[in-house]
Protein chains: 2
Amino acid sequence: MKDTIRVFAPATVANVVCGFDILGFAVDAPGDEVIMRRKAEPGVTITKITGDEGRLPMDAAKNTVSASVQHYLKHIERTDIGVEIELHKKMPIGSGLGSSSASTVAGLFAINTMLDEPLTRDELVPFAMKGEELACGSGHADNVAPALLGGFVLIRSYEPLDLIKLPYPESLYCAIVFPDVDVPTRDARQMIRSKVLLKDAVIQWGNVAGLVSGLFMKDIDLIGRSMKDVLVEPVRSILIPDFYKLRETAMEAGAVSFGISGSGPSVFSFARDEETANRITSRIQKHLSERQIGSLTYVSPVNGEGPKVLG
Amino acid sequence: MKDTIRVFAPATVANVVCGFDILGFAVDAPGDEVIMRRKAEPGVTITKITGDEGRLPMDAAKNTVSASVQHYLKHIERTDIGVEIELHKKMPIGSGLGSSSASTVAGLFAINTMLDEPLTRDELVPFAMKGEELACGSGHADNVAPALLGGFVLIRSYEPLDLIKLPYPESLYCAIVFPDVDVPTRDARQMIRSKVLLKDAVIQWGNVAGLVSGLFMKDIDLIGRSMKDVLVEPVRSILIPDFYKLRETAMEAGAVSFGISGSGPSVFSFARDEETANRITSRIQKHLSERQIGSLTYVSPVNGEGPKVLG
């Protein structure tokens, strides 16, 4: 058993436009880091958090990282273990990029690696979902599953949990822009209507099926034309400044698709190469800055690996 | 240009349980036959219909086969052509197996082959959809697209029409039972609620995505566990005698899945081999006969070919 371990876990894009609550993928950047150290006395403590501007709790029972590690240790009947956790937020909170998920997954991956992997990555997902419940009020898997497993993950079903790893075109680049506006996940969920027209649902699952087919066929055109959301985006886009103008800007810059990441306010595009992805983020950033809205941008390939131990 | 041509077109299973209005596949049996003969004077006439118990119109403007051939000839600007059509119904009408679709597709494939294929099979789909509109009151593609293209077809979108051929496990067998009860397509459509719960729609598109993934991965277990319908089946199954008992019977006989074909009343199962498929149909038929309900059964692999010219 190692005494100290440092782990990176990736940010994730949930929903992937048409796949509300059932699809997500991981990116290489941004992501969070956790440093975990063995300590003599049993129990889990948070010793340090950086990059959160003081927004996250140091109380081990309330912090999603420590709480899910505690939950995990109880499950594997190793409450004799003691660890100290440092959480280094390397990505913005409340961005719609799976910030809490990246932290939680880093913590769970760290403890499981430290203990020589008593559980598989798949088996860690329910513990990470518990962490999401604490952080966001609902235990969804569309961030934590891709953060843990890497790549694209389909949550075919929640009861029972059924996760399917999907292939994807290796050349796909993701261009993310996080506009500096506040959209809490809880509020974004509450905006959505509880009833929808069946005819709209049919359009949506046609597109979901098209996106999944496009991923298997590595057909970027099909992926792009399937990434339409007639149900959730029309509502959630209200919270994002100039959403339709940002889409126009992205598409004119060569984007394959454009949509909201998770519950927003981050937006993302797929692009066929890194150069196009960079052009998309810089044009969107420019447009936002002309409206006096600051933003952070990230360009990265899809992350196929999930969390990893850093040297 | 050939003077006489005889064409077979396959029956189809639309919806495939979870993919309401967007998925369908073709089977080897049953199916319909059309014999088309060139005649000197321009125009399309129906000269003979067998196997329909007098239910189908002989009037060329009202019969879906002749009407869609007329529509096709007008489109390709060959109204100078004259053909006589014999329609041999080799499958039951109103069965939920794409009966009108099989006839229409046979007619369109016959004329297009006779004229040395001015249109591709994909291009024939809209003409067949027009035929469906005449026969069923709505121009859906989930029967005609697989009947024309063979195999599994995803209708990703209707506007514009976007058809994706999906792979499938070659070993998959389809077991169909048509109970002798009357369920008109129009009524079956009208039963369905126009609004659904978003949470049910999410379950549905998780399953649609799972089914499509299972087809690409040729993972019969995944195909089976994805074939659940929380939206349409609970309503349409009311019209099918002993539906849930029939499901139990099929699953006990080794079925991978069980559900309604199209708008019913036919039901179908997937099975891993022909023997199991035969066991499923014979047990369901036995159960129905104990309730004094007659039935027809069909066992066949998925038809990968679509319509074909007969020798």
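Conventions used here
Residues numbered from 1 in each chain as written. Chains lettered and ligands numbered in written order. Predicted model: local features only at pLDDT ≥ 70, side-chain atom pairs only at ≥ 80, totals over all residues. Heavy atoms only, no water. Helix = DSSP H or I, 4+ residues; strand = E, 2+ residues; numbered from the N terminus. Rg over C-alpha atoms; globule rule 2.2 N^0.38 Å. Buried < 20%, exposed > 50% of the residue type's maximum accessible area, 1.4 Å probe, protein only. Contact = heavy atoms within 4.5 Å. Areas by Shrake-Rupley, 256 points an atom, 1.4 Å probe, with all protein chains shown as cover. Lys, Arg positive; Asp, Glu negative; His and termini not counted. Charge placed at Lys NZ, Arg CZ, Asp CG, Glu CD. Expected span 1.5 Å × (residues − 1). UniProt positions renumbered as here; feature names shortened; annotations may be inferred. Least-squares fit on C-alpha atoms with pLDDT ≥ 70 in both. Pairing = 2+ DSSP bridges. Core = buried A, V, L, I, M, F, W, Y, C linked by side-chain atoms within 4.5 Å.

**Thoughts on the overall build of chain A**
Then step 1. Summing up its helical and strand segments, chain A has 10 helices and 12 strands in all.
Then step 2. By the compact-globule yardstick of 19 Å for 311 residues, chain A fits well, its C-alpha radius of gyration being 19 Å.
Then step 3. Along the first, second and third principal axes, the C-alpha set of chain A runs to 60 × 40 × 35 Å.
Then step 4. Looking at chain A residue by residue over its 311 residues, the buried ones come to 61%.
Then step 5. Once local pairs closer than 6 in sequence are excluded, the contacts in chain A between residues at least 24 apart make up 72%.
Then step 6. Carbon and sulfur atoms make up 49% of the accessible area of chain A, which totals about 11,800 Å².
Then step 7. One way to put it: in chain A the 33 positive side-chain charges average out to a point 2 Å from where the 39 negative ones average out.

**Quick word on helix 6 (residues 198-217) of chain B**
Residues and elements named next belong to chain B.
Then step 1. Between its first and last C-alpha atoms helix 6 spans 28 Å; for 20 residues at 1.5 Å apiece the expected length is 28 Å, and the two agree.
Then step 2. Where burial is concerned, most of helix 6 is hidden: 17 out of the 20 residues are buried.
Then step 3. Just downstream of helix 6, lysine 218 is the residue with a positive phi angle, here 50°.

**So, the UniProt feature "domain: GHMP kinase C-terminal" (unreviewed entry) in chain A**
Then step 1. The sites that carry the UniProt feature "domain: GHMP kinase C-terminal" (unreviewed entry) are, in the present numbering, residues 218-288 of chain A.
Then step 2. Structurally, residues 218-288 of chain A comprises 51% helix and 10% strand, and the distance from its first C-alpha atom to its last is 32 Å.

**Focus: the relation of the copies chain B and chain A**
Then step 1. The two copies are related by a screw operation: chain B maps onto chain A through 180° of rotation and 0.0 Å of translation along the axis, at an RMSD of 0.0 Å. In short, the pair behaves as if placed about a two-fold rotation axis.
Then step 2. Comparing contact sets, 100% of the residues at the interface of chain B also lie at the interface in chain A, consistent with an isologous, same-surface contact.

**Considering the UniProt feature "binding site: ATP" (unreviewed entry) in chain A**
Residue and element names in this part refer to chain A.
Then step 1. UniProt's entry tags Pro92, Ile93, Gly94, Ser95, Gly96, Leu97, Gly98, Ser99, Ser100, Ser101 and Ala102 with the feature "binding site: ATP" (unreviewed entry), counted in the numbering of this structure.
Then step 2. Beyond its immediate sequence surroundings of up to four residues, glycine 96 is in contact with Thr12, Ser261, Gly262 and Gly264.
Then step 3. Within the fold, alanine 102 resides in helix 2 (residues 99-114).
Then step 4. Note on alanine 102: relative accessible area 0%, which makes it buried.
Then step 5. Leave out the neighbours within four places in its chain, and alanine 102 touches Ala9, Pro10, Ala11, Asp32 and Met91.

**Section: the sheet that holds strand 9 (residues 259-260) of chain A**
Residues and elements named next belong to chain A.
Then step 1. Reading across the sheet, the 4 strands line up as 9-10-7-11 and stay open at both edges, with antiparallel pairing between neighbours. The open sheet has two edge strands with one neighbour each: strand 9 and strand 11 (295-301).
Then step 2. In this structure, strand 7 (residues 173-179) lies alongside strand 10 (residues 267-271), joined through 5 bridges in antiparallel fashion. Across the sheet, residue isoleucine 176 finds its bridge partner in strand 10, namely phenylalanine 268.

**Topic: the nonpolar core**
Then step 1. In this structure, Phe270 of chain A together with Phe270 of chain B are the most contacted members of the largest nonpolar core, which totals 88 residues.
Then step 2. In this structure, phenylalanine 270 of chain A is in contact with Val16, Phe25, Phe152, Leu172, Tyr173, Cys174, Ile223, Met227, Ala255, Val256, Ser257 and Ile280 of chain A, ignoring residues within four places of it in sequence.

**Here we look at the sheet that holds strand 11 (residues 295-301) of chain B**
Residues and elements named next belong to chain B.
Then step 1. Read across the open sheet, the 4 strands follow the order 9-10-7-11; overall the sheet is antiparallel. In the strand order of this sheet, the two ends are held by strand 9 (259-260) and strand 11, each with one partner.
Then step 2. In this structure, strand 9 lies alongside strand 10 (residues 267-271), joined through 2 bridges in antiparallel fashion. Pairing of isoleucine 260 across the sheet is with valine 267, part of strand 10.

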